[in-house]
Amino acid sequence: MIVEIGHFALVLALTVALIQSALPFWGARARDERLMDVGQPAAVAQLALVAGAFLALAHAYVVSDFSVENVYLNSHSAKPLLYRISGVWGNHEGSMLLWVLILALFGAAVAVFGTNLPRALKANVLAVQGAIAVAFLLFIVLTSNPFQRLAPAPAEGLGLNPILQDPALAFHPPFLYAGYVGFSIAFAFAVAALIEGRVDAAWARWVRPWTLAAWMMLTLGIAMGSWWAYYELGWGGWWFWDPVENASFMPWLAGTALLHSAVVMEKRDALKVWTVLLAILTFSLSLMGAFLVRSGVLSSVHAFAVDPARGVFILGILVVFIGGALALFAARMGELRQGGLFAPISREGSLVVNNLLLTTACATVLVGTLYPLGLEALTGDKISVGPPYFNMTFGPLMLPLLVALPFGPLLAWKRGDLAAAAQRLWLAAAVALVATVAVYAIAYRGPWLAPLGIALGVWVMAGSLVELASRIKLGQASLPDAWRRLKGMPRAGHGTTMAHFGVGMMVVGIVATSAYQSERILVMNPGDRAGIAGFTLTFKGAAPQRGPNYREEVGLFEVERGGRAVTSLVPSKRLYDAPRQTTTEAGIHASWRGDLYAVLGDEQVNAAGGYAVRLYFNPLVRMIWIGALVMFLGGLLSVTDRRLRIGAPRRTRVRPSPVPAE
Amino acid sequence: MTRKQRRAVLILACVGLLGLSSLLVLFALRDSIVFFHTPSDVAEKGIAAGQRFRLGGLVAEGSVRRGEGAAVEFGVTDSLKTIRVTYNGVLPDLFREGQGVVTEGRLDSAGKFLADTVLAKHDETYMPPEVAKALKERGVWQGSESKPNTN
C-alpha cells in the first residue's frame, strides 16, 4: 500500500511540477502577482510529494519488500540496515528519484529563503526549476519506475553489488547529486535573467551562495568517490581519468570558474555575458554527466546498466534544456550591457585568467572523454583515451593557474600592481624554494620535476597565508591590532584563504603520491618477509572468516620499521553471498608520511603455493582528501558569511513579508 | 589603454590559449590513444610487435596457468582466434575463465601479448561494451539485453 502511495505521490509531483513551470512563468509575463506567487507553494508541495515518494521507496527497502521489483533486484534481507537504506540510491531508478528529491529540495529552498528576490525573477527561477523537474519526473515515470511490482513476490532479493556496500559510497551519490543538481539553481537564475533581459550585480549576489553550496557538495562528493576507489578497488590509485569520473569532474571545473566569475560580476558588474553563459554550461555539463553515466555509451570501470531508451530520453532532456538555454542566450546576449572597465593586470584580470584556464582545461577533459565516441561513430575504430592524454593536456594547463593563483587575491580591483604583489609574495617564494631543496635532498632518486611540483603546491599554500597576513597587516601593525583585523575580516575572506590553501595541499599530495609511490608485486608464503619504503612486512598467513553477509579470506601482515613493530595489516578478499561476487579490502596503515597499502591476491595453485600480494607505499596521499576537505570547509565558511546569507533581508525593506495580495 | 586595446589583449590571450591547448590536445591524442582489438582483428590487421593496444575478448576456458611468482598466463579468445597473454601482477577480482576481459599492453616478436594492465570490471554480469559489441559482430556471443541494475 505504501508503495502505491509513493507511486501516486510521484505522479502527483509531476502535475505539481507542471503547474510550477507554467503558472509563475505566465504570471511574470502577464505581470499577474497572484500567478507569480503560485511558484512558492508549488515548490514546497513538490518537495513534500517527492520526499513522500522517496520515503515510500526507502520504507520498501528497509522492510525488504521484495514484491517491488527494484527492491528485489537490488536488496537482500541479510544486508545491514545502512546498506539497505543506501541501496535505495544504489541503482538507476532509485538514484534518479534521489536526483529529483534534491532538485525539489533546492527548488523549495529558493522558494522559502529567497524572500529578498524580486517577484518576477523568483517566479521565473521557480518556473525553470519546475520545468527541469517535469523533465526528470517524466523520465522516471515513463522509463524508470522504481515502484514496479512483481507478482508473485520472490522470497529473497538479489542483493546490492557488494562493491557498493561501503560507508563512503553510501554517502557519495547524495553529495555528488547535491552538487550536480545544485548547479541547476545557477542555471535557473541564468535563464530567468535572460527571460527578463536584465542581469546586474544583484543577480550575481543571489546566485553566488547557491553556486557555492553546490560546488562544496560536489567537491566533497568527488573526494569521497576518489577515496572509495582508493581503498576499495585495490589498485593503489586514487583517480583513473575514467569517463564516469570525468563526468563529475567537468561540472566541478566549470563550477569553480563560475564561482570566480560571479565574484567579478558582483563586485564590478563586469563579465556578465560570460558569467551567464558559464552558469548555463555548468549545469549542461552536469546533465551531460548524467547522460554519459546513465546511458552506458562509454566504457568505464564503473558498471552501469545499459538501456538505450533511457539514454535517448536523457539525450532529449539534454538537447531541450541546453539548446533552449543557449538559443535564449544568443537572442538576449546583445541586450546585456557591459560595465566595469578593468586593466589586464587587476583582480578582475586575474579572475579572467582563472576562468580561461579552468574552462580550457574543462574543454580538454571533454574532448578526451568524448573523442572515443566520436571516432567510433565516424570510423568504427574503437579506442580508449587513458591517463597519459589527460596528464599531457590537463597538467600543463593547471601549471600556470597554480603559479598565478597567489597573485590574484593580492591585486587590487580595476588596476593592480604586479610588482607590489610579487614583493609581498617573496616569503611564499622563499618557502617554496626551501621545499624544493628539501624534497631534492630527501628523494634525490625520484623524477627531477617532482620537487618543483611539490614546491608549486607549497607556493600556493604559503601564498594564501601571505595574502591573509597582508590583509590583517601582520608585521606592519601591532599584534593586537592584527588580531582585531583578523577577527573583523568577513568570513568569505577566510573562506577564500582556506580553499586556496586546500588546493595547495592537494597539489602536494598529488605530486608526492604520483612521483614517489613504491609498488611491489610478489608471491608470499606464511613466514615470508618483504620490504617496502623502509617498512618490513612479515606475512603470517591467511585464514577464512565469516562476516554478516560474506565470507572472507583474511591475511595478516606484521609491519616493522627499524626493528620496531609498527602495526599489523589485515587485507582481505571477500566473497559475498548475494550476489556471489568478490571484493578486495585493502589493508592500509596511515601515517603522516603516507599510506602503507597491502592487497591480498589469489592463492597460487601450484607447487610453490603462497599468495599473490601487492604492496604500495603512497607518500602524503592523505593530503589529497584532506585538501579537498579543507576546500569544502573554506566553502562552508564563505557560504555562512553574513553578506551572502541566503535569507538575509535587504536593509531597504522595512517589513520583510507583508500579507500577500489575495 | 583604451577599451579597444583591452579587448584586443583579452582576445589575443583567449586565442593564444585556445591554440596552445588545441596543440596540446592534438599532440596528446596522437601519442596516447590506445586502439581496441579482438584477437581476430590482430590476425587480420597484422599489428606490429611493440605497438600498444587493448586486447579484449573472453578468457579461454582452461587456459589460465600460473608461472613464477605473480606471473600468470592465459588465453584471450573471440572463439575464432586466441592470443596468449602474459601478465605479472594481481588479477582483478572478477577475472575468471569464460568471462569478458580487457587487457592493455603490446605484442612481443613471438606474437605473445605482454599485458601490463588487466582491467577490473565491477560486476559479473557486466560485459565491457567493446567486447560485447565485437563479439556480437562476430556472432560469437549473444548476451542478455536486459541486465540487472548496478549503480
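A quick note: this is a predicted structure, and the numbers were derived from the prediction, not measured.

**A look at the overall build of chain A**
Counting secondary structure elements, chain A contains 20 helices and eleven strands. For a compact globule of 662 residues, the expected C-alpha radius of gyration is about 26 Å, and chain A comes in at 27 Å, within 12% of that figure. When its C-alpha atoms are laid out on the principal axes, chain A stretches across 85 × 75 × 55 Å. Out of the 662 residues belonging to chain A, those deemed buried represent 58%.

**Brief notes about the overall build of chain B**
A tally of regular secondary structure across chain B gives three helices and seven strands. Listed N to C, the secondary structure of chain B is α-β-α-β-β-β-β-β-β-α in terms of helices and strands. For chain B, the proportion of its 151 residues judged to be buried stands at 46%. Sequence separation of 24 or more characterises 53% of the internal contacts of chain B that already satisfy a separation of 6 or more.

**Things to note about the nonpolar core**
Nonpolar side chains tend toward joint burial in soluble globular proteins. Of all hydrophobic cores here, the largest spans 195 residues; its most connected members are A:Trp99, A:Phe187, A:Phe189 and A:Trp203. Per-element accounting of this core gives the leading share, 18 residues, to helix H8 (residues 167–196) of chain A. One finds B:Val42, B:Val59, B:Val76 and B:Val85 within the second-largest nonpolar core, a separate group that totals 18 residues.

**Points about the pairing of strand E10 (residues 594–603) of chain A**
Residues and elements named next belong to chain A. The element E10 is extensively covered by neighbouring structure, given that eight of its ten residues are classed as buried. Relative to E10, strand E9 (residues 587–590) is paired through four bridges, and the arrangement is antiparallel. Bridge assignment links Ala-590 to a residue of E10, and that residue is Asp-595. Between the end of E9 and the start of E10, which pair antiparallel, lie three residues.

**Quick word on helix H10 (residues 243–268) of chain A**
All names here are of chain A. Helix length check: H10 (26 residues) gives 37 Å between terminal C-alpha atoms against 38 Å at 1.5 Å per residue, within 8%. Summarising burial for H10: 25 of the 26 residues are buried, a large majority. Looking one or two places after H10, you find Asp-269, whose phi comes out positive at around 60°.

**A word on the pattern of salt bridges**
Residues and elements named next belong to chain A. For the coordinates displayed, the defined rule picks out 22 salt bridges over all chains. Ionic pairing is found between Asp-37 and Arg-119, a salt bridge with its closest N-O pair at 2.9 Å. Note that Asp-37 is positioned in the loop between helix H2 (33–36) and helix H3 (39–62) and Arg-119 in helix H7 (residues 119–143), a separation of 82 residues in sequence. Looking at Asp-37, the relative accessible area reads 27%, which means it is partly exposed.

**Quick word on helix H6 (residues 92–113) of chain A**
Residue and element names in this part refer to chain A. Over its 22 residues, H6 extends 31 Å from the first C-alpha to the last, a length consistent with the 32 Å expected when each residue adds 1.5 Å. Burial analysis of H6 places 19 of its 22 residues in the buried class, the great majority of the element. Capping the start of H6 is the job of one residue whose side-chain oxygen sits 3.2 Å from the backbone nitrogen of Glu-93: Asn-91.

**Let's talk about a nonpolar patch on the surface**
All names here are of chain A. Together, Val-62, Val-63, Leu-81 and Ile-85 make up an exposed nonpolar region whose accessible area comes to about 300 Å². Tracing the sequence through the fold places Leu-81 in helix H5 (residues 81–86). The class for Leu-81 is partly exposed, based on a relative accessible area of 45%.

**What about the packing of aromatic side chains?**
Two numbers describe a pair of aromatic rings. These are the distance of the centres and the angle of the planes. Residue and element names in this part refer to chain A. Tallied over the entire structure, the rule returns 28 aromatic pairs over all chains. Aromatic pair Trp-99 and Tyr-180: ring centres 6.0 Å apart, planes at 55°, arrangement tilted. One end of the pair, Trp-99, is in helix H6; the other, Tyr-180, is in helix H8, with 81 residues separating them in the sequence. With relative accessibility at 2%, the residue Trp-99 sits in the buried group. Taken together, Trp-215, Trp-239, Trp-241, Phe-249, Trp-252, Tyr-389, Phe-390 and Phe-394 form an aromatic cluster joined through their ring pairs.

**Quick word on the packing of H7(A) against H8(A)**
Residue and element names in this part refer to chain A. Axis separation between H7 and H8 bottoms out at 8 Å; the angle between their running directions is 125°. It follows that H7 is oblique to H8 by the angle criterion. Judged by the sense of rotation from one axis to the other, the crossing of H7 with H8 is right-handed. The residues of H8 that touch H7, namely those facing Ala-120, Leu-121, Asn-124, Val-125, Val-128, Gln-129 and Ile-132, are Ser-184, Ile-185, Phe-187, Ala-188, Phe-189, Val-191, Ala-192, Ala-193, Ile-195 and Glu-196. Tallied by class, the residues present in the contact of H7 with H8 amount to 13 nonpolar, three polar and one charged.

**As for unusual backbone geometry**
Residues and elements named next belong to chain A. Residue Pro-152 is reached from Ala-151 by a cis peptide bond, and omega for that bond is -5°. One can find Pro-152 in the loop between H7 and H8. Look at Arg-31: it is not a glycine, yet its phi comes out positive at around 55°. Residue position: Arg-31 is located in the loop between helix H1 (2–30) and H2. Positive phi is not limited to glycine here, since Trp-241 has a value of about 50°. Following the sequence through the fold, Trp-241 ends up in the loop between helix H9 (201–232) and H10.

**Section: the sheet that holds E10(A)**
All names here are of chain A. Pairing within the open sheet is antiparallel, and its four strands lie in the order E2-E11-E10-E9. The sheet is open, and its two borders are formed by strand E2 (518–524) and E9, each paired with just one other strand. Each neighbouring strand pair of the sheet contributes to a mean axis angle of 15°, computed without reference to strand direction. Here E2 runs beside strand E11 (residues 611–619); their pairing, made up of seven bridges, is antiparallel. Across the sheet, the residue bridging to Ile-521 is Arg-614, located in E11.

**Some thoughts on the domain arrangement of chain A**
All names here are of chain A. Taken domain by domain, chain A holds domain 1 (1–165), domain 2 (166–398), domain 3 (401–516 + 623–632) and domain 4 (518–621). Here domain 1 and domain 2 have C-alpha centroids that lie 23 Å from each other. With 38 residues of domain 1 in contact, the opposing surface of domain 2 contributes 37 residues. Carbon and sulfur atoms make up 80% of the surface buried where domain 1 meets domain 2, a total of about 3500 Å² over both sides. Run the count over domain 1 and domain 2 and you get zero salt bridges. Counting the contacts that link domain 1 with domain 2 gives four residue pairs in polar contact (both at pLDDT 80 or more). Every element with two or more residues in the side of domain 1 that touches domain 2 is listed here: H5, H6 and H7. It is H7 that provides the largest number of residues to the side of domain 1 that touches domain 2, a total of 14 residues. Classifying every residue of the side of domain 1 that touches domain 2 by side-chain character gives 27 nonpolar, ten polar and one charged.

**Quick look at the packing of helix H14 (residues 387–404) of chain A against helix H17 (residues 450–471) of chain A**
All names here are of chain A. Where H14 meets H17, the axes come as close as 9 Å, and the angle between the chain directions of the two elements is 35°. Considering how the two elements wind past one another, H14 and H17 form a crossing that is left-handed. Contact residues: H14 offers Leu-399, Leu-402 and Val-403, while H17 offers Leu-456, Trp-459 and Val-460. Residue composition of the contact of H14 with H17, grouped by class: six nonpolar, no polar and no charged.

**A short note on the environment of A:Leu615**
When you line up the elements, A:Leu615 lands in strand E11. For A:Leu615, a relative accessible area of 1% translates into the label buried.

Quick notes on the rules
Residues numbered from 1 in each chain as written. Chains lettered and ligands numbered in written order. Predicted model: local features only at pLDDT ≥ 70, side-chain atom pairs only at ≥ 80, totals over all residues. Heavy atoms only, no water. Helix = DSSP H or I, 4+ residues; strand = E, 2+ residues; numbered from the N terminus. Rg over C-alpha atoms; globule rule 2.2 N^0.38 Å. Buried < 20%, exposed > 50% of the residue type's maximum accessible area, 1.4 Å probe, protein only. Contact = heavy atoms within 4.5 Å. Core = buried A, V, L, I, M, F, W, Y, C linked by side-chain atoms within 4.5 Å. Pairing = 2+ DSSP bridges. Expected span 1.5 Å × (residues − 1). Salt bridge = Lys/Arg side-chain N within 4 Å of Asp/Glu carboxyl O. Polar contact = N/O pair within 3.5 Å; in protein donor to acceptor, adjacent residues only side chain to side chain. Patch = residues over 30% accessible without salt bridge, like charges linked within 9 Å, V, L, I, M, F, W, Y side chains within 5 Å. Areas by Shrake-Rupley, 256 points an atom, 1.4 Å probe, with all protein chains shown as cover. Phe/Tyr/Trp six-rings, centres within 6.5 Å; stacked < 30°, edge-to-face > 60°. Axes fitted to C-alpha atoms, helices over the stretch in contact; angles between N-to-C directions. Parallel < 35°, antiparallel > 145°, perpendicular 65-115°, else oblique. Left-handed = near helix turned anticlockwise from the far one by under 90°. Nonpolar A, V, L, I, M, F, W, Y, C, P; charged D, E, K, R; others polar. Domains from an automatic or database assignment. Buried area = accessible area lost by both parts, 1.4 Å probe.

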